[in-house]
Structure formats: structure tokens, C-alpha cells
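Close look at the chain arrangement
Spelled out, the chains give:
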Amino acid sequence: MVRASFCLICVFFDLPMISRQAKASFYLALGPLMRLNSLIYKIFRAPVSGASENVRVQLGPGQRHYLEGWINVDANMFTARCDVWADISERLPFRDASVDAIYSHHVIEHLPDLVVHFKELFRILKPGGVFRVGGPNGDAAMREYLAGNKAWFSDFPDARSSIGGRLENFIFCRGEHLTILTASFLEEIAADCGFKAVRAVRPITETGFPDIFDARVMEHEWESTPESPHTLLIEGQKPERPPEKC
């Protein structure tokens, strides 16, 4: 289940974390209605496959990162600002080959199965469509830990004075993060699902698709240490003539 609050965003913007029990109760009570809403959207409102219109989708905008001109999808309809209410850990509410671009920032670390998620990205993107996704930078965290740089880590969500405790905070965020993200891991998953030109890019300043992931998008990628980013981002593209589906 996608979590409504993302740990790194909570650190940067001083937002409260919602308890796991409260989230579990939310999904138990509203999960069936959310799935029904997703189905209705997909049948009656979602863009059609192969349409010429430029369809851009953001997954998990949360409270502050709504993108005008994009279709913003979130599981939290109460405090998040979204256009489509859906659990994005499940099948995405879009038709095959109907989306031109997908963006998410600090979402994928909360998902239970990244392979399933990247399969869904591949399914809904049109041939030539692109994605930019990111989460906590496991590569940088390991480098900074081995360098003994405790200042790189925060003491959120739990007050930790040791660098090991702060590393645990960063990687697992009190159990909210379900995996560690590294560039090679994400590149492997994306490539295995059929994407090409998969590569890591720096937050805020670097993209292979500047006409899509422009300044309006990247201004949300706030970074306190750009020389050693806390966020790992990767981009990739669905081939114009895609291979068999992942």
C-alpha cells in the first residue's frame, strides 16, 4: 500500500508522520471503494490507448507537489491534492499504451513489489514514453556511512545520536520504507521490464527529457547536499517498437 506521508519529504518540510495503525485502518476501510473508483476512472475517464493527446501522470503528489497539466494520482484523498484517487501499489488506473510520461518522487520505496510496479509503468506508457522516478539514495547513504559523515543523515523519524541509528532511519524510516534503492538495482528492474536508456540522473539539475521534466517538475526535488544527493532518481524510455511485455 502506498503511504500518504513520505519520510524524506516529512524531514524537509516538517510534516508529521501518520501512524502505521492509522494507515492500515484507512486502507482496510476504504480500500474497496478506492479500487472501485479506480475502475470507474479507467473505464469512463482515462485517456484512450494511442491517443495523440500528451498525457503526463504524476504518482503520489502528496500535499504540496501537485503538477498543473499532469494527471495526479494519490491514495490520500483527504490531505493530498489529486485528480485520481487510487492505490498505486496495485494495477494503475490507465489503459495500455495511453500515457506519455510518468513522474514520482519518494513513492517507490513504499511499494511492496517494484517489479510489479515497473511492469505497470511499461504497460501504460506509449511506445517512446518516458519515466522519472526516485526515492532515498541507498548508494549515497552507504558512501556517507562508510565515510563516517553523520551530519549527512537526519535524526528523523527517531532521535538517533549514532551514525548507525541514523542510517537505519534513512533506509527503513520506522518500517515505512520496504526496500533499499540503489541505481544498479533500479536499472536492472527497469531494463528487465523492457525499458531502454535507463540511467541515474541528479535531482534538480539533470534530465534526458527537458521538454517533459522541466523546471516546474524539478523544482519539487529540493536537495540539501547536491554533491551527494539524498534522492536517487532514474529515467528510462519505452522503446518505439517494444519487445514482449515484461
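A few points on the structure. Just so you know, these numbers come straight off a predicted model, no measurement behind them. (Residues numbered from 1 in each chain as written. Predicted model: local features only at pLDDT ≥ 70, side-chain atom pairs only at ≥ 80, totals over all residues. Heavy atoms only, no water.)

A closer look at the packing of helix H3 (residues 114–124) against helix H6 (residues 183–192)
- Orientation of H3 relative to H6, taken along the N-to-C sense of each, is 50°, at an axis distance of 9 Å. Between H3 and H6, the crossing angle belongs to the class labelled oblique. The two elements H3 and H6 cross, and the hand of that crossing is right-handed. Residues Leu-114, Val-115 and Phe-118 of H3 form the contact with H6, whose participating residues are Phe-185, Leu-186, Ile-189 and Ala-190. (Axes fitted to C-alpha atoms, helices over the stretch in contact; angles between N-to-C directions. Helix = DSSP H or I, 4+ residues; strand = E, 2+ residues; numbered from the N terminus. Parallel < 35°, antiparallel > 145°, perpendicular 65-115°, else oblique. Left-handed = near helix turned anticlockwise from the far one by under 90°. Contact = heavy atoms within 4.5 Å.)

Remarks on unusual backbone geometry
- In this structure, Pro-157 follows Phe-156 across a cis peptide bond, with omega equal to 5°.
- At Ala-97, a position not held by glycine, the phi torsion is positive, near 50°.
- Ala-97 gets classed as partly exposed once you look at its relative accessible area, which sits at 21%.
- Positive phi values are uncommon outside glycine, yet Arg-174 reaches one of about 55°.
- Mapped onto the fold, Arg-174 is located in the loop between helix H5 (163–172) and H6. (Buried < 20%, exposed > 50% of the residue type's maximum accessible area, 1.4 Å probe, protein only.)

Focus on the packing of helix H4 (residues 138–146) against H5
- At their nearest, the axes of H4 and H5 sit 11 Å apart, and the two run at 175° to each other. Relative to H5, H4 is oriented roughly antiparallel. Across the interface between the two elements, Ala-141, Glu-144 and Tyr-145 of H4 pack against Ile-163, Gly-164, Leu-167, Phe-170 and Ile-171 of H5.
- Taken together, the residues of the contact of H4 with H5 break down into 6 nonpolar, 1 polar and 1 charged. (Nonpolar A, V, L, I, M, F, W, Y, C, P; charged D, E, K, R; others polar.)

Remarks on the sheet that holds strand E6 (residues 196–201)
- With mixed pairing, the 7 strands of this open sheet are ordered in space as E3-E2-E1-E4-E5-E7-E6. Of all the strands in the sheet, just strand E3 (84–85) and E6 have a single pairing partner and so form its edges.
- Across 7 bridges, strand E5 (residues 125–136) lies against strand E7 (residues 231–237) in antiparallel orientation. Bridge pairing in E7 places Arg-132 opposite Glu-235. (Pairing = 2+ DSSP bridges.)

Regarding the nonpolar core
- Residues Val-73, Phe-94, Phe-118 and Phe-195 are the most contacted members of the largest nonpolar core, which totals 35 residues.
- If you list the elements that add at least two residues to this core, you get strand E1 (56–59), strand E2 (71–74), strand E4 (99–105), H3, E5, H6 and E7.
- Take this core: its biggest share by element is 5 residues, from H3.
- Apart from residues lying up to four places away in sequence, Phe-94 is in contact with Tyr-41, Lys-42, Ala-46, Pro-47, Val-57, Ile-71, Val-73, Val-99, Arg-123 and Ile-124. (Core = buried A, V, L, I, M, F, W, Y, C linked by side-chain atoms within 4.5 Å.)

Let's talk about the pattern of salt bridges
- Scanning the model with the defined rule gives 12 salt bridges in all.
- With a shortest N-O distance of 2.8 Å, Glu-120 and Arg-123 are connected by a salt bridge. In this pair, Glu-120 and Arg-123 both sit in helix H3, 3 residues apart, roughly one turn of the helix. The exposure classification of Glu-120 matches that of Arg-123, with both residues buried.
- With a closest N to O distance of 3.1 Å, Glu-206 and Arg-199 form a salt bridge.
- A relative accessible area of 26% means that Glu-206 is categorised as partly exposed. (Salt bridge = Lys/Arg side-chain N within 4 Å of Asp/Glu carboxyl O.)

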